[in-house]
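# What the coordinates show
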Amino acid sequence: NRDQNEMGDSSLQFRSYGLINVLTKEIINPAFAYVDTKNVNGENYYFGFEIITEEPDRGVMHIMNSDLKNIATFSYKDLFSTSFIHFFSNDQDDYFLLIFQNDDGKWGGIRGNGEIVIPFVYDYLQLHSKKNSHNKTEFILQASIGMKRGLLDMKGNMIVSVDNEIFGFTSNNYLIEG
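Below is a summary of the structure that appears in this document. Keep in mind it's a predicted model, so treat the numbers as computed, not measured.

One open sheet accounts for seven strands, arranged β5-β6-β7-β8-β9-β10-β11; its pairing is antiparallel. Each edge of the open sheet carries a strand with a single partner, namely β5 (34-40) and β11 (116-122). Geometrically, the sheet is characterised by an average inter-axis angle of 30° between neighbouring strands, direction not taken into account. Relative to strand β9 (residues 98-102), strand β8 (residues 70-77) runs antiparallel, the two being bridged by two bridges. In the sheet register, Y76 faces β9, and the bridge partner there is N102.

Take a look at the structure:
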């Protein structure tokens, strides 16, 4: 929304969102530019995203349990260019990770309950898909440290160690140079 202030200047104004727990009456006042939820093993977790208006690609993500108690907080950069849509739209709560770059510029991944599955040590993580032996789509991550690359599954397991140069992909094959 674009509003005019008293000086007649037009600036971008963000709406704020909060949460209320109807059972405990716990209230989190509107402070988030965006709120989403993720169900993990039958429990809902809430994600509140603060956006730093001077730097819209940076912000703070708060993860709260169903009682609205904060269980994890992460600073991030470029969050929305990663696995965001896959993470929140998929019902396989232990499969998809939220992949993002932290404030230190390192990439990693977390589960819906805030557990860090892929440590924030990578210079870049990129989501790719491939077909498995049952012709179902699986997602993998290309992990980069410097000029070296490897592959990780969505549980953080190393498929190809990060000491290769990967040049290209086909459906199930990767061109590498050691």
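Next comes the rest of the account.
In this sheet, strand β4 (residues 27-32) lies alongside strand β3 (residues 17-20) in antiparallel orientation, the contact comprising three bridges. Across the sheet, the residue bridging to I20 is I27, located in β4. In this structure, the hairpin formed by β3 and β4 is closed by a connection of six residues, where K25 is found at a positive phi of approximately 65°.

With that settled, the discussion passes to the pattern of salt bridges. Per the counting criterion, the structure on display carries three salt bridges. Notably, a salt bridge pairs D123 with K106, separated by 2.5 Å at the nearest N-O pair. On the criterion of sequence distance, the pair formed by D123 in the loop between β11 and β12 (124-131) and K106 in the loop between β9 and β10 (107-110) is long-range, its members being 17 residues apart. For E115, the salt bridge is made with R111, and the minimal N-O distance between the two is 3.0 Å. On the basis of relative accessibility, which here comes to 17%, the residue R111 falls in the buried class.

Judged by nonpolar contacts, the single largest core of 30 residues is most densely connected at F47, M61, I110, I118 and L125. Ranked by residue count, the leading element in this core is β11, at four residues. With residues near it in sequence (within four places) discarded, L125 still touches I99, W107, G108, I118, L141, Q142, A143 and L152. Counting residues in hydrophobic clusters, the runner-up holds five residues, among them I28, F32, M64 and L68.

Parameters and conventions
- Residues numbered from 1 in each chain as written.
- Predicted model: local features only at pLDDT ≥ 70, side-chain atom pairs only at ≥ 80, totals over all residues.
- Heavy atoms only, no water.
- Pairing = 2+ DSSP bridges.
- Helix = DSSP H or I, 4+ residues; strand = E, 2+ residues; numbered from the N terminus.
- Axes fitted to C-alpha atoms, helices over the stretch in contact; angles between N-to-C directions.
- Salt bridge = Lys/Arg side-chain N within 4 Å of Asp/Glu carboxyl O.
- Buried < 20%, exposed > 50% of the residue type's maximum accessible area, 1.4 Å probe, protein only.
- Core = buried A, V, L, I, M, F, W, Y, C linked by side-chain atoms within 4.5 Å.
- Contact = heavy atoms within 4.5 Å.

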